[in-house]
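Next come the chains, spelled out residue by residue.
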Amino acid sequence: MQKLSLPLPAPDALAASQALQQRILDELAQHQGWIPFSRYMELALYAPDLGYYSGGATKLGKDGDFTTAPEMTPLFGATLAQFYAQCLPQISAQVMEFGAGSGKLARDFLSECRTAGIAIERYFIVELSGELRARQEEYLKDFAEVQWLPAMPEAFSGLVLGNEVLDAMPVDLLRKTENGWREVGVALNTSEPQPALHFVERDCNAARTAQIPDADTLQEGYLTEVHAVAIGFMHSLSAMLQAGQAQTGKAAAALLIDYGFPAREYYHPQRHQGTLMCHYRHHAHPDPFYLPGLQDITAHVDFTAMAQAALDSGLQLHTYASQAGFLIQAGIAQVLARTSAEQVMQYLPQANALQKLVSPAEMGELFKVLLVGTELNLPATLLQQDRSHRL
């Protein structure tokens, strides 16, 4: 693996990473020296007190490792609130957000509801990170509607929000070899002067490739990800929404926004090295073994697999669109128009942020929106940019 030249962490952060590395070595020792990559990724991101999302590292914004749409502009959260308003009263006046980050999306969403007179009884946040929950509680202290949950409840009727949640779920790695598909896991390389974690392949069940269209025709050496954890999440989400409708008699829906592709684009022959990527201090690089616990590890989302999991579990697919198409139809330009262009200092930053959200060269095309749920009648305008046929 090529040696990386990245900013050095503070001593306490380095110590935390070393403690997590020992935790991973202990895990390897308990499993004959090999673990699936999904288990390594789970530990690197979510190991209690040490993982990237469960530890104390700053993750979002200019001092973190990446910037999300809500961190860029309040237009994003306000537009999602306007979409939520269009779903009322078909759904219960409740929202549930997974992976709420700094709380910025929740704050912008609730501020828009307050300003625009949009009914909302409760805004639930399901948050695994104790550090992020503490930040959220301080940031959202003026909004009594917010309530934190330690896990997904059995039933919910309302709108679920998940912005850049699916991409942070652990993935498994598969490689096509001359002898068929093999699983790429993690082991300790003891042949080097300094032992280090590295990839080691082993045989895998043929069923593991079910997510990959035309898996048999892909070239030897093809490396990619499969998303069993995210598919499991979609099944659980579906069960929760259907139970919510059964309890309340009202519809329920989930709006999932992330970067990714339909399956035939995801598993395109030219995407032969997969989509796995790491983010450390605003540097993107491909080495998942660099300072575990201090960097984000992500993979793009296979939206075909997510939609199919929802359908298989009894939900309806309401729309699949680019982020640009969805935000424009949901009214983001109208939200911006409330600020006069003559107020240059206020208008220009928001206009520039809107451009990043919808430009095909920025986030507008790479990020997609998947809306699944129980029976829900949406305005025809929201379906004008539908690309469900591409799934």
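Please read all numbers here as calculations on a predicted model, not as lab measurements. (Residues numbered from 1 in each chain as written. Predicted model: local features only at pLDDT ≥ 70, side-chain atom pairs only at ≥ 80, totals over all residues. Heavy atoms only, no water.)

Novice: Run through the packing of aromatic side chains, naming residues and quoting values.
Specialist: The description of an aromatic ring pair rests on the distance of the ring centres and on the angle between the ring planes. All told, the structure shown has 17 aromatic pairs when counted by the stated rule. Plain terms: the ring middles of Trp-181 and Tyr-222 are 6.4 Å apart, the flat faces sit at 80° to each other, and that makes the pair edge-to-face. Taken together, the residues Trp-181 in strand 7 (residues 180-189) and Tyr-222 in the loop between strand 8 (196-203) and strand 9 (223-226) connect sequence positions 41 residues apart. On the basis of relative accessible area, Trp-181 is assigned to the buried category, the value being 11%. With a relative accessible area of 0%, Tyr-222 lands in the buried category. Aromatic pair Tyr-280 and Tyr-290: ring centres 5.6 Å apart, planes at 70°, arrangement edge-to-face. Of this pair, Tyr-280 sits in strand 11 (residues 277-280) while Tyr-290 is found in the loop between strand 12 (283-285) and strand 13 (296-298), placing the two residues 10 residues apart along the sequence. (Phe/Tyr/Trp six-rings, centres within 6.5 Å; stacked < 30°, edge-to-face > 60°. Helix = DSSP H or I, 4+ residues; strand = E, 2+ residues; numbered from the N terminus. Buried < 20%, exposed > 50% of the residue type's maximum accessible area, 1.4 Å probe, protein only.)

Novice: Break down the pattern of salt bridges for me, citing the residues and quoting the values.
Specialist: This model, assessed by the stated rule, comprises 14 salt bridges. Across the pair Arg-23 and Glu-27 runs a salt bridge whose closest N-O atoms are separated by 3.1 Å. In this pair, Arg-23 and Glu-27 both sit in helix 1 (residues 11-30), four residues apart, roughly one turn of the helix. Since its relative accessible area comes to 31%, Arg-23 is described here as partly exposed. Here Glu-183 ties to Arg-208 by a salt bridge, and the two come within 3.1 Å at their closest N and O atoms. Placement of Glu-183 in strand 7 and of Arg-208 in the loop between strand 8 and strand 9 is noted, with a sequence separation of 25 residues between them. For Glu-183, a relative accessible area of 4% gives the class buried. Linked by salt bridges that have partners in common, Arg-23, Glu-27, Arg-39 and Glu-42 make up one network. (Salt bridge = Lys/Arg side-chain N within 4 Å of Asp/Glu carboxyl O.)

Novice: Let's hear about the pairing of strand 4 (residues 146-149): which residues, and what values?
Specialist: Both strand 3 (residues 122-126) and strand 4 contribute to a ladder of four bridges, which runs parallel. If you follow Val-126 over to strand 4, its bridge partner there is Leu-149. With respect to chirality, the unit in which strand 3 leads through helix 6 (residues 130-139) into the neighbouring parallel strand 4 is right-handed. (Pairing = 2+ DSSP bridges. Right-handed = clockwise from strand over helix to strand, strands pointing away.)

Novice: So, helix 10 (residues 323-330): which residues are in play, and what are the values?
Specialist: Helix 10 sits mainly inside the fold: six of its eight residues count as buried. Listed as buried for helix 10 are Gln-323, Ala-324, Gly-325, Phe-326, Leu-327 and Ala-330. In this fold, the buried residues of helix 10 make contact with helix 4 (74-87), strand 10 (253-261), strand 15 (316-322), helix 11 (332-336), helix 12 (344-358) and strand 16 (367-373). Count one or two residues on from helix 10 and you reach Gly-331, which has phi positive near 105°. (Contact = heavy atoms within 4.5 Å.)

Novice: Hey, could you go over the confidence of the model for the protein for me, with residue numbers and the actual values?
Specialist: Mean pLDDT over the protein stands at 93; residues scoring 70 or higher make up 96%. Contacts from residues 60-64, a stretch scored under 50 in pLDDT, to residues over four places away or in other chains number 14 contacts. (pLDDT = per-residue confidence, 0-100.)

Novice: I'd like to hear about the layout of surface pockets, residue by residue, with values.
Specialist: Of the pockets and cavities examined, the largest pocket occupies roughly 1,000 Å³. Secondary-structure elements contributing two or more residues to the lining of the largest pocket are helix 2 (37-46), helix 3 (69-72), strand 2 (94-98), helix 5 (104-116), helix 7 (228-248), strand 11 and strand 13. The greatest single-element share of the lining of the largest pocket, amounting to three residues, is contributed by helix 2. Class assignment for the residues of the lining of the largest pocket results in 24 nonpolar, 12 polar and 10 charged. (1 Å grid on protein atoms, 1.4 Å probe; cavity = no way out; pocket = protein on both sides within 12 Å on 5 of 7 lines; lining within 4 Å. Points joined across faces, edges and corners; volume = space filled by probe spheres on them. Nonpolar A, V, L, I, M, F, W, Y, C, P; charged D, E, K, R; others polar.)

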